[in-house]
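Remarks on the overall topology
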Amino acid sequence: MTIAAHPQAVRPLKKRIADASEPYLYSAPALILIITVMLVPLALGISYAFRDIQLLNPLSGGFIGLDHFRALSEDQAFFRALRNTLWWTGASVFLQFLFGLILALLLDKPFAGRGIAQALVFLPWAVPSFLAGLNWAWLFNPVIGPLPHWMYALGIMDAPNNILSDPHLAMWGPIVANVWWGIPFFAITLLAALQAIPRDLYEAASIDGAGPVQRFFSITLPFLAPTIAITILLRTVWISNFADLIVVMTNGGPADRTQIVASYIFTQAFKRLDFGYASAIALVLLVLLLAYSMLIVLLRQTLLNKG
């Protein structure tokens, strides 16, 4: 007596292949779009780092190996831009996070007109970066802007000069503009995380006699830690690659005191038209940011595991 074969075993081969490939066919348009828009330009940019790509040289385009990286190891302007990038990124991220956390804590409390206050706090995020840089450059200009005169009246400056032309103070101009422009990102994300914390935890802590500072460090901060880690990661990567305000406000000057790696890439690619060397600099920046991102992701995973 022969046992009938299971229907699954006798299905045609084409039918089984079609069923297995169905999920991939649904996701194919998105995958094709990602490959076309992201991976192909990335691969081309990496290949440019090993080729001599100069737009004004019709004989360029050949493979030169590691020549760009050897030149980069002796480029003092690059290392100065790298130091400036650390200062620009560290100060911007720290101040954005500090003021964003303060605003999120304030907006988490109910008060009259909170909706209007939230709209005003988030307004800078809607301003185009080019326009924000232009406005802040005008504000720091003593001819048409009030800031130098206010700082002089407060005794911060000896004279109402434009700090963007002072080599020792110039970096503070784009940093202030960047802090103003980027605070809403931290305020939005941290406010959402704050509103997800169970309120009964605060009530129980209050009953146990914990004060506001104790509740912040024992409840608020541990719950916010994973969100803080990922937001700091994102802002660090974005600000490191963010040259708009630098280009608009100072163009890397005076004397390259505000030149960061991202603006240095812009200078090499679109002013000196050396796309090969600019791609080599961008590849170095990519590697540094990937290493940093991996460290932050590991830290965040550690915090989640402890939680």
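Read on for an overview of the structure. Computed from a prediction, not measured in an experiment: that's the story for all the values here.

1. Digging into the overall build of the protein
Looking only at helices and strands, the protein features 12 helices and zero strands. Along the protein, from the amino end to the carboxyl end, the secondary structure elements read α-α-α-α-α-α-α-α-α-α-α-α. Structurally, the protein occupies a C-alpha span of about 105 × 75 × 30 Å along its principal axes. The buried share among the 307 residues of the protein stands at 36%. Of all intrachain contacts in the protein linking residues separated by at least 6 positions in sequence, the fraction that spans at least 24 positions is 66%. Accessible area for the protein stands at about 18200 Å²; split by element, carbon and sulfur atoms hold 71% of it. Taken together, the 18 basic and 15 acidic charged side chains of the protein have centroids lying 8 Å from each other.

2. Examining the pattern of salt bridges
Summed over all chains, the structure comprises three salt bridges. Here D256 ties to R80 by a salt bridge, and the two come within 3.5 Å at their closest N and O atoms. Of this pair, D256 sits in the loop between helix 10 (244-249) and helix 11 (261-271) while R80 sits in helix 3 (residues 76-107), and the two are 176 residues apart along the sequence. Its relative accessible area of 30% is what places D256 among the partly exposed residues. In this structure R80 comes out as partly exposed when scored by relative accessible area, which is 29%. Close ionic contact of R199 with D108 constitutes a salt bridge, the shortest N to O distance being 3.0 Å. With a gap of 91 residues between them, R199 in helix 8 (residues 199-207) and D108 in the loop between helix 3 and helix 4 (114-126) connect regions that are remote in the sequence.

3. A word on the side chain of Q268
Topologically, Q268 is positioned in helix 11. On the basis of relative accessible area, Q268 is assigned to the buried category, the value being 3%. Among residues more than four places away in sequence, those in contact with Q268 are L273, D274, Y277, A278 and I281.

4. Topic: the packing of aromatic side chains
The full count for this structure, using the stated rule, is 14 aromatic pairs. Taking 5.4 Å as the distance between ring centres and 45 degrees as the angle between the ring planes, the aromatic pair formed by F50 and F69 counts as tilted. With F50 in the loop between helix 1 (13-48) and helix 2 (67-73) and F69 in helix 2, this pair connects stretches of sequence that are 19 residues apart. Ring centres of F270 and F275 lie 5.7 Å apart, and the angle between their planes is 75 degrees; on these two criteria the pair is classed as edge-to-face. On the basis of relative accessible area, F270 is assigned to the exposed category, the value being 53%. Among the aromatic residues, those joined into a cluster by ring pairs are F97, W125, W181, F185, F186, W238 and F242. Over the aromatic face of F185 sits the side chain of R235, whose NZ or CZ is 5.6 Å from the ring centroid.

Cut-offs used in this document
- Residues numbered from 1 in each chain as written.
- Predicted model: local features only at pLDDT ≥ 70, side-chain atom pairs only at ≥ 80, totals over all residues.
- Heavy atoms only, no water.
- Helix = DSSP H or I, 4+ residues; strand = E, 2+ residues; numbered from the N terminus.
- Buried < 20%, exposed > 50% of the residue type's maximum accessible area, 1.4 Å probe, protein only.
- Contact = heavy atoms within 4.5 Å.
- Areas by Shrake-Rupley, 256 points an atom, 1.4 Å probe, with all protein chains shown as cover.
- Lys, Arg positive; Asp, Glu negative; His and termini not counted.
- Charge placed at Lys NZ, Arg CZ, Asp CG, Glu CD.
- Salt bridge = Lys/Arg side-chain N within 4 Å of Asp/Glu carboxyl O.
- Phe/Tyr/Trp six-rings, centres within 6.5 Å; stacked < 30°, edge-to-face > 60°.
- Lys NZ or Arg CZ within 6 Å of the ring centre and 35° of its normal.

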